[in-house]
Amino acid sequence: MSKSLATHMSPASNSHAAMAPVMEVRGLSVVVNTAAGERNILTDIDLTVAPRSVLGIIGESGSGKTVLSRAMVNWLKPPLAITKGSVRYDGRDLLTLPAATMAGLRGREIAYIGANPTSALDPTVPVGHQILEKLRAVAPELTPQAARQRVIDTLDAVRIPSPKQRFDEYPFQFSGGMMQRAMIVDALVSNPKLLIADNITQPLDVTVAAQILRLLRDLQKDFDTSIVFVSSSLGIVSEIADDMIVLDRGHIVERQSVRGLLATPEHAYTKELIAKVPMIWASAETPPVPSSGDIVLDVRDVGKTYRVRDRKAIFAERQVRAVRGVSFTVRRGENFGIIGESGCGKSTLSRLLSCLEQPDAGQIQFEGRDIATLKGRDLLGLRRRFQLLLQDPYNAIAAHASIGRTIAEPLLIHGLGSRREIEHKVKDVMAEVGLAPALYNQLPIGLSAGQRQRVNIARALVLEPELLILDETLSSLDQVEQAKLLDLFETLQVKRGITYVYISHDLAMVRRVCARIAVMYLGRIVELADNDTMYWRSAHPYTRALLSAVPTVEAKPYRTATYLLEGEPPDPIDIPPGCSFRTRCPFAFDRCATDDPSQTIYADGNASACHLPLNSLPAPELAH
Amino acid sequence: MAFAIEFFLRRISQGVVIVILVAFVIFTLLRIVPGDPIRIILGPMASAAALEEKATELGLRDPIYVQFGRFMGQVTTGDFGRSFIRGAQGGSAGGSQDAAGYNPESRASVSGLIANALPYSLQLAALGIAFAFLVAIPIGLGAGLRAGKWPDRLGLYVSSLFVSLPNIWVGVVLIFLLSAKTGWLPAIGYQGFAYTIIPAMVLAIELSPVMIRAISVSVAANLGEVYFDVGLVRGLSRRTMVAKHVLRNAAVPLLNLFGAQMIGMLLGGLFVVEYIFSYPGIGMLTINAVFQRDFPIIQAVAILASAALVAINMLVDFASTTIDRRLKF
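The structure presented is a predicted model; accordingly, all values stated were derived computationally and were not measured. (Residues numbered from 1 in each chain as written. Chains lettered and ligands numbered in written order. Predicted model: local features only at pLDDT ≥ 70, side-chain atom pairs only at ≥ 80, totals over all residues.)

Q: Report on the overall build of chain B, specifying residues and quantitative values.
A: Each helix and strand in chain B was counted, giving twelve helices and two strands. Listing each helix as α and each strand as β along chain B from the N terminus yields α-α-α-α-β-β-α-α-α-α-α-α-α-α. C-alpha atoms of chain B, sized along the principal axes, occupy 85 × 60 × 30 Å. Within chain B, contacts between residues separated by at least 24 positions form 71% of all contacts whose residues are at least 6 apart in sequence. (Helix = DSSP H or I, 4+ residues; strand = E, 2+ residues; numbered from the N terminus. Contact = placed C-beta atoms within 7 Å.)

Q: Could you give an account of the interface of chain A and chain B, naming the residues involved and the relevant values?
A: Each partner contributes residues to the interface: chain A has 29 residues there, and chain B has 20 residues. Examining the composition of the side of chain A that touches chain B, we find that four residues originate from one element, helix α4 (residues 127-138) of chain A, more than from any other. Residue composition of the side of chain A that touches chain B, grouped by class: 14 nonpolar, six polar and nine charged. (Nonpolar A, V, L, I, M, F, W, Y, C, P; charged D, E, K, R; others polar.)

Q: Break down the domain arrangement of chain A for me, citing the residues and quoting the values.
A: All names here are of chain A. Entries for chain A in the domain assignment read domain 1 (3-276) and domain 2 (295-616). Computed over C-alpha atoms, the centres of domain 1 and domain 2 are 35 Å apart. Of the residues lining the interface, 20 residues belong to domain 1; the matching set on domain 2 comes to 16 residues. When contributions to the side of domain 1 that touches domain 2 are tallied by element, the ones reaching two or more residues are α7 (176-188), α8 (206-223), α9 (234-240) and α11 (268-276). No other element matches α8, which puts six residues into the side of domain 1 that touches domain 2. (Domains from an automatic or database assignment.)

Q: Which residues make up the sheet that holds strand β10 (residues 251-257) of chain A, and what values go with them?
A: Residues and elements named next belong to chain A. The strand order across the open sheet built from six strands is β6-β7-β8-β3-β9-β10, with neighbouring strands paired in mixed fashion. A single partner strand is all that each edge strand has here, and the edge strands are β6 (110-113) and β10. On average, each strand axis in the sheet is inclined to that of its neighbour by 15°, with strand direction left out of account. Sheet topology note: the strand β3 (residues 54-58)/strand β8 (residues 226-231) ladder contains five bridges and is parallel. Bridging across to β8, L55 finds its partner in V228. (Pairing = 2+ DSSP bridges. Axes fitted to C-alpha atoms, helices over the stretch in contact; angles between N-to-C directions.)

Q: If you had to explain the sheet that holds strand β15 (residues 369-370) of chain A to someone new, which residues and values would you point to?
A: Residue and element names in this part refer to chain A. Taken together, the four strands give an open sheet; going across it, the order is β12-β11-β14-β15, and neighbouring strands pair in antiparallel fashion. With one partner strand each, in any of the chains shown, β12 (317-331) and β15 form the two edges of the open sheet. The strands touched by helix α12 (residues 346-353) are β11 (295-309), β12 and β14 (361-366); relative to β12, the strand with the most contacts, the crossing angle is about 65°.

Q: Go over the nonpolar core with me, naming the residues and quoting the values.
A: One finds V228, F229, A458 and V501 of chain A to be the most contacted residues of the largest nonpolar core, which totals 168 residues. Ranked by the residues each element gives to this core, the list is headed by α8 of chain A, at nine residues. Apart from residues no more than four positions distant in its own chain, A458 of chain A is found in contact with I407, V429, M430, V433 and L435 of chain A. In terms of nonpolar packing, the next biggest core, distinct from the first, is built from 68 residues, V110, A187, I198 and F295 of chain B among them. (Core = buried A, V, L, I, M, F, W, Y, C linked by C-beta atoms within 7 Å. Buried ≥ 20, exposed ≤ 12 C-beta atoms within 10 Å, placed from the backbone.)

Q: How would you explain the domain arrangement of chain B if you had to name every residue and give the values?
A: All names here are of chain B. Domain boundaries assigned for chain B yield domain 1 (2-112) and domain 2 (113-323). Inter-centroid distance (C-alpha atoms) of domain 1 to domain 2 is 32 Å. At the junction of the two partners, domain 1 supplies 26 residues and domain 2 supplies 21 residues. Listed by contribution, the elements that provide at least two residues to the side of domain 1 that touches domain 2 are α1 (2-32), α2 (37-42), β1 (82-87) and α5 (110-145). Here the side of domain 1 that touches domain 2 gets ten residues from one element, more than from any other, and that element is α1. Per-class residue counts for the side of domain 1 that touches domain 2 are 15 nonpolar, eight polar and three charged.

Dropping the structure here:
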């Protein structure tokens, strides 16, 4: 961030107001009007935003934190209504301001950024043009050239690469992280005094979220803005905030400095929140050990390339190389993990593994047979033996079929058993996954996400598969539900000897359940190691960067500052020559630019694709 | 730029194939339906031998694909053949002469007939669309912007009313009210621009209900989008958001509706409306041709209509992808 930019964008210095609070909320209460009457969302909220500080607000979903952050810009819509209290800003109560005056403050002096960056802008107009439109609306005195220049400078300040070109690109050409940066630009371009950031890192990958946090911290200093940072992740808020407020069902239960809150939480709810943050390194559980059974799944040098039409050339196509030369083996009864961030090719890989698509290169062997060569009856027989479970539990279940019918469907397709046998089997499996027998004849309406995921699991299990591929299956569930299902998977494994392939971005969950783990980056496995080695002595800088960026409240062996990644993964259309990770690697050297590292296999059977010798990475700062 | 070139090259080549297929189907159907064209050309008085001789001479006894090939060869030079019935000076001449007296040169050329009628139809269609826009845009926008309020209900009532009025009945009522009763506007035939107004109103009443519904649904859906809400929090006024973003986004489904449905409705509407008002356009030409089994005219109009549909859809798709760059064609 260039200093000159920040200074020329600062308003006239207001030293007399230096210590006065930027915003004071007093006795704020919000209700929701429903058919059943009023229900309290927020009760008697008092908070103060100090100048040049970051106030963290933490709460679980349903605690009212989004309502609070919207009430702070007087932006609540029916059925929500403010019943009492005040939001004082600059000597005025925002709640009593005329609508036009309030609209004049919103987006000018008080900026708001939400959790949904990819749909926050008009999809048909270039991003830069929309930010320019906003700047021109709030600062009509700027000439068009000056305004445009300021937008480009601010895009540069949030480290969006080649901001001049990006200015003319459309929202769908931006990744989630880039889009969130653009929204930060949009908020800061008018140089607001207060920025309300409502769960802004929620949809982002951990390494990108870590970048956004650091960026926001830097910008807060440079732009002299106070920030209210709302989040449901304690690990994230504690990275950025000075002071913290804990919100529980509409009440503030605790307020402390970050350090104080983590060290000496006072309220029971705060303690519970802290205890709920999954421990990756400090956990007492011993991770699962690799299985020594026979090889069930043998993936050899698999690749998949998609073709997309090129808009800039006539009759040209561009190749999206989604999966490149992936090899690994999974043994019977093992939990194998595949981790990576969005766009790394893990979902394409899951489609290849479950035979929904054919690989362009290499082969996938299931119990010694190449699944690509199977057709018709053989393929159907194979499908019985491995099943894919996906993330979304809602769209995977037909809304008009009874739960029993949904679970029986695979048996009917495969023609397994008479009606009575099928009903018997379905009821058995429902009991096994913890679905009440009464649900057999009911429609899935009103089932919770966890219950729906159980229906999906039952539907897969009824075929008695040997291999389950879990593609982010537990990602949409809360911690408690997730833990219950993991226990269920474990029980099933002991009972039936099922092999699991977990595909996930959740490093804490993978740490808990997987014996061996592959880390994917840009369509390739960069490191493949057993659980302990991966988390304590990782051999690849990308793995370390991922682990250093996980929002936790415990000490980590990898310091964020050492491994923080710059920028975003390259486009899988234009993969750079040499090592594909070198554009973001803090340890890249000359050889990485020309030479693509192949996997080095170490004595313990672990492997990583990096030119750096194992001992040349900084030593982990925490011993096992 | 590269995208535009590729788009048009691709779509024009696809379009040509479609038009040729449509032409072939129509050409074939018209030749396998009962009724020998040569009987129509020469009339009921001609002898069987004369019919056969003339038919062979005109190529009507060749296999269909040979006839079709010959026909398409002529079409590429802009020649759609000659009417069976209409004389070069206008008026019908069919069935009034024997084999010896028939000379194809004495019949009007189809392309000439179409070229005469087309400007009238284009004028009527343009005015009809303009009237439809005039009614549908304000009502549809109001309904979309004030969903659930009285403008929304107005939109629903107006479109329900218009959609349930048969265009023949509307035509007769308007002729009675605006022409016969009050004498404000002329109604039958064509002697000047004023003759287009009442037929255009009938067309507009037919077109506008679909437009009203489409506009209001599309605008209301965009008001519910996240970007609209966020835009207001970002500091943009509601008016700016509607004028610059909502209308732009709402235009895409409307364009598609226009390409897919409206042009078809318009063509169908033209046939009926021109017939009611004896309006000398393509519709009138075609309907008379159907009654007289004047196959060359029918097939030429059908081919031109399919070409027009293909061309308009191509332009509509290009406009859509220019507005919304996520769309792929």
